[in-house]
Amino acid sequence: MTVQSGRRERKKAATRQKIADTAMRLFLERGYEAVGIREIAAEADVAVTTLFSHFASKEALVFEQDADFEHRLARAVTGRAPDEPLMPALRREMHAMVRHCTADGAAPVWRMINGSTSLREYEESMRLRHAESLAAAVAADPGLSRTPTACRTIARFVVDAHALAREAADPEAAVDEIFGMIEAAWESTAP
């Protein structure tokens, strides 16, 4: 059974990736608003119901790594060494996320997102969800002992650092500059 479920999961992942890649190609070729769900499904050679079993909305097709980013932020908290401070772990993860989102070829995607009200709204709701998830991970760590408000505030700062840094002329330097401020805020909340 393990082999079958492994193969099934690989096939699902491959189908999901094919749908996402097809959608992004069509969006970049013709514009986000000009492409419909049925066109994406037909081009990816899947049923519309299959597309929706992998993506909850058209906007989710653009942010196909949304869940991965959310989990990576939480893992930066929960997966760090017992003696590692929180902020260096979050800074390291944010550097990786910003590098991913500013890699060659990313600029047209961000122009598309910035040009669409529905994509900007989706990104904002996604960032709020990521911040809540990160805040929960921070609050659950008994070694950090901060108030829920401090955890939520820091989480929002960290998540917003991504958007601010990816728009900067030097994204890597921006992450470091922003985290200097975040670290000072975090230290000010120490009991």
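Before reading further, recall that the structure is shown in the block above.
Residues numbered from 1 in each chain as written. Predicted model: local features only at pLDDT ≥ 70, side-chain atom pairs only at ≥ 80, totals over all residues. Heavy atoms only, no water.

(A) Molecular detail of empty space enclosed by the protein. In this structure the tally under the stated criterion is one cavity of 30 Å³ or more. Within this model, the largest cavity holds a volume of roughly 30 Å³. Lining the largest cavity, in full, are E124, R127, L128, A131, R156, V159 and D160. Contributions of two or more residues to the lining of the largest cavity are made by α8 (117–140) and α9 (148–166). With four residues, α8 is the single largest residue contributor to the lining of the largest cavity. Within the lining of the largest cavity, the residues separate by chemical class into three nonpolar, no polar and four charged. (1 Å grid on protein atoms, 1.4 Å probe; cavity = no way out; pocket = protein on both sides within 12 Å on 5 of 7 lines; lining within 4 Å. Points joined across faces, edges and corners; volume = space filled by probe spheres on them. Helix = DSSP H or I, 4+ residues; strand = E, 2+ residues; numbered from the N terminus. Nonpolar A, V, L, I, M, F, W, Y, C, P; charged D, E, K, R; others polar.)

(B) Local environment of the layout of surface pockets. Estimates place the volume of the largest pocket at around 530 Å³. Among the secondary structure elements, those contributing two or more residues to the lining of the largest pocket are α1 (2–30), α4 (58–62), α5 (66–78), α6 (86–101), α7 (107–114), α8 and α9. For the lining of the largest pocket, the element with the most residues is α1, which contributes five residues. Along the lines of polarity and charge, the residues of the lining of the largest pocket split into 18 nonpolar, six polar and seven charged.

(C) Spotlight on α9. Across its 19 residues, α9 extends 28 Å between first and last C-alpha, which sits within 8% of the 27 Å expected from 1.5 Å per residue. Turning to α9, its buried residues are A150, C151, I154, A155, V158, V159, A161, H162, A163, A165 and R166. Packed against the buried residues of α9 are α5, α6, α7, α8 and α10 (171–188). (Expected span 1.5 Å × (residues − 1). Buried < 20%, exposed > 50% of the residue type's maximum accessible area, 1.4 Å probe, protein only. Contact = heavy atoms within 4.5 Å.)

(D) A look at the side chain of H130. Of note, H130 is situated in helix α8. Among the residues examined, H130 registers a relative accessible area of 5% and is labelled buried. Setting aside its immediate chain neighbours within four residues, H130 contacts D66, F69, E70, L73 and V159.

(E) Here's a closer look at a positive patch on the surface. Taken together, the side chains of R7, R8, R10 and K11 define a basic patch exposed on the protein surface. Mapped onto the elements of the fold, R10 is located in helix α1. Using a relative accessible area of 56% as the deciding quantity, one classes R10 as exposed. (Patch = residues over 30% accessible without salt bridge, like charges linked within 9 Å, V, L, I, M, F, W, Y side chains within 5 Å. Areas by Shrake-Rupley, 256 points an atom, 1.4 Å probe, with all protein chains shown as cover. Salt bridge = Lys/Arg side-chain N within 4 Å of Asp/Glu carboxyl O. Lys, Arg positive; Asp, Glu negative; His and termini not counted. Charge placed at Lys NZ, Arg CZ, Asp CG, Glu CD.)

(F) How the structure looks around unusual backbone geometry. One non-glycine residue, D45, adopts positive backbone phi at about 60°. Counting through the fold element by element, D45 comes out in the loop between α2 (37–44) and α3 (48–54). Of note in this structure, S145 is not a glycine but carries a positive phi near 35°. Here S145 is to be found in the loop between α8 and α9.

All we've got here are geometric facts, nothing functional implied.
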